[in-house]
Amino acid sequence: MATLKDQLRADLTTAIKARDAVRSSTLRMVLTAITNAEVAGKEARELSDEDVVGVLTSEAKKRREAATAFDDGGRAESAAKERAEAEVIAVYLPEQLSAEEVADIVTAAVAQVGAAGEGMRAMGKVMGVVQPQVKGRADGGAVAAEVRRQLA
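Residues numbered from 1 in each chain as written. Predicted model: local features only at pLDDT ≥ 70, side-chain atom pairs only at ≥ 80, totals over all residues. Heavy atoms only, no water.

### Brief notes about the environment of Glu82
Now for step 1: Take Glu82: it is sitting in helix α4 (residues 76-90).
Now for step 2: Distance in space between the C-alpha atoms of Glu82 and Glu65 is 8.9 Å, their sequence separation being 17 residues.
Now for step 3: Not counting chain neighbours up to four residues away, the residues in contact with Glu82 comprise Arg63, Ala66, Ala67 and Phe70. (Helix = DSSP H or I, 4+ residues; strand = E, 2+ residues; numbered from the N terminus. Contact = heavy atoms within 4.5 Å.)

Laid out in structure tokens, this is it:
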């Protein structure tokens, strides 16, 4: 079974041969980010598929934020480019959770921690239980907002 990083490299080769400029430039950028993550820190290491998904998630988030910023600045063409890159990255991410699924996970975590009635003081405990379950499958900001809503 090929690792996610090997899959990205193979898809880059395919995109270059097909002369797909957006896909090939995005995959190059992602592979560079993965390499940077591998050599960051005191010693170089090989990233696991889970770590690669973490890099992909942060790259996708950067694209979404940039697209929003470009829209706010009136630069629709740049925003469209960022969204196209985000779509390429999204292909390699796990299936995203719906808002209802996130709400169900948060409800279960609140019950598990016994945070009902504690209010916002319990947010850290609840997030500690929720984060491993949604890692790479839901936006952290949306998860935090749902936890706040349920604890309020």
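### A look at the pattern of salt bridges
Now for step 1: Scanning the model with the defined rule gives 12 salt bridges in all.
Now for step 2: The residue Glu65 makes a salt bridge to Lys61 at a minimum N-O spacing of 3.8 Å. Of the two residues, Glu65 and Lys61 both sit in helix α3 (residues 49-72), 4 residues apart, roughly one turn of that helix.
Now for step 3: With relative accessibility at 46%, the residue Glu65 sits in the partly exposed group.
Now for step 4: A residue is classified by how much of its surface remains accessible, and Lys61, at 39% relative accessible area, is partly exposed.
Now for step 5: Measuring nitrogen to oxygen at the nearest pair gives 2.8 Å for the salt bridge that ties Glu85 to Lys81. With a gap of 4 residues between them, Glu85 and Lys81 both fall in helix α4, about one helical turn apart.
Now for step 6: Residue classification places Glu85 among the buried positions, given a relative accessible area of 2%.
Now for step 7: Because the salt bridges share partners, they merge into one network encompassing Glu59, Lys62, Arg63, Lys81, Glu82 and Glu85. (Salt bridge = Lys/Arg side-chain N within 4 Å of Asp/Glu carboxyl O. Buried < 20%, exposed > 50% of the residue type's maximum accessible area, 1.4 Å probe, protein only.)

Any functional reading would require information beyond the geometric quantities listed.
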